[in-house]
Amino acid sequence: MQGKKLVVWVEVAVIAALCYVLGLIPIESANAAFDLSLGLIPLVLFSFRRGLVPAMVAGVLWGTLSILTGKAYIVTVPQVIFEYPFAFAFGGMSGLFAQKVKTALKNNENKKLTQYLILASVTAAFSRWFWHFWAGVFIWGSYAPKGQSPFVYSFIANGTSAVANALLLSIFLVLLGRLGGKRLLYLIQPRS
């Protein structure tokens, strides 16, 4: 049992590092609020493999790595906490669908698998977006165009990013599920 826990926590560290490295690939717009997060892909796959808590811990580590390496844009302490450890951790909320994804894969239920993969993608992207939205309201809201509410500004700026990330994740995961269902099952099925 102790060895199994160690394997899980080693996987957490490896996934956090992989998410961080993929986050170094620049896919951002001129507006820093909009970016595609390639690191969400391994985090979501890991959430299917090990579940909610290990995935959220990997997300916290990913966000913390961003802070420690200077990749984080830091304005205030609450902002950095909201936008890095909290937001990145909540990308692991896709783990709520881990068992459903595994069951659909094992039973070759392609329609259900597609639905769960899309739901997991939307959950991961919008759970992460929730924290960026509030940071956008309270920290970045002062950058809103004159006369625009900080809520509307943050909703638009961060919402487009959430939708784009949900689409990216959904497309990637559905293609992976359709083209390599057995390989996907092998990837997310722990052997220890």
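The preceding data block contains the structure.
These lines cover the structure that appears in this document, whether it is placed above or below. (Residues numbered from 1 in each chain as written. Predicted model: local features only at pLDDT ≥ 70, side-chain atom pairs only at ≥ 80, totals over all residues. Heavy atoms only, no water.)

### A look at the packing of helix α2 (residues 40–50) against helix α5 (residues 98–106)
Contact pair α2 / α5: the axes reach a minimum separation of 7 Å and the direction vectors enclose 80 degrees. Comparing their axes, α5 and α2 come out roughly perpendicular. Taken together, the residues of α5 that come into contact with α2 (itself represented by S47, F48 and R49) are A98, V101 and K102. Across the contact of α2 with α5, the residue classes tally to three nonpolar, one polar and two charged. (Axes fitted to C-alpha atoms, helices over the stretch in contact; angles between N-to-C directions. Helix = DSSP H or I, 4+ residues; strand = E, 2+ residues; numbered from the N terminus. Parallel < 35°, antiparallel > 145°, perpendicular 65-115°, else oblique. Contact = heavy atoms within 4.5 Å. Nonpolar A, V, L, I, M, F, W, Y, C, P; charged D, E, K, R; others polar.)

### Digging into the nonpolar core
If you look at the biggest cluster of nonpolar residues, it comprises 37 residues, and the most contacted ones within it are L43, F48, W62 and V101. Elements supplying a minimum of two residues to this core: α1 (2–23), α2, α3 (52–68), α4 (77–90), α5, α6 (110–138), α7 (150–179) and α8 (181–188). No other element matches α2, which puts seven residues into this core. Excluding its chain neighbours within four sequence positions, the residues that come into contact with F48 are S94, A98, V101, K102, L117, A120, L173 and I188. (Core = buried A, V, L, I, M, F, W, Y, C linked by side-chain atoms within 4.5 Å. Buried < 20%, exposed > 50% of the residue type's maximum accessible area, 1.4 Å probe, protein only.)

### Quick look at the pattern of salt bridges
Scanning the entire structure with this criterion turns up two salt bridges. Of the charged contacts, one joins R49 and E11 as a salt bridge, the two residues approaching to 3.0 Å between their closest N and O atoms. In this pair, R49 is assigned in helix α2 and E11 in helix α1, connecting sequence segments 38 residues apart. The pair R49 / E11 is uniform in exposure class, with both members buried. (Salt bridge = Lys/Arg side-chain N within 4 Å of Asp/Glu carboxyl O.)

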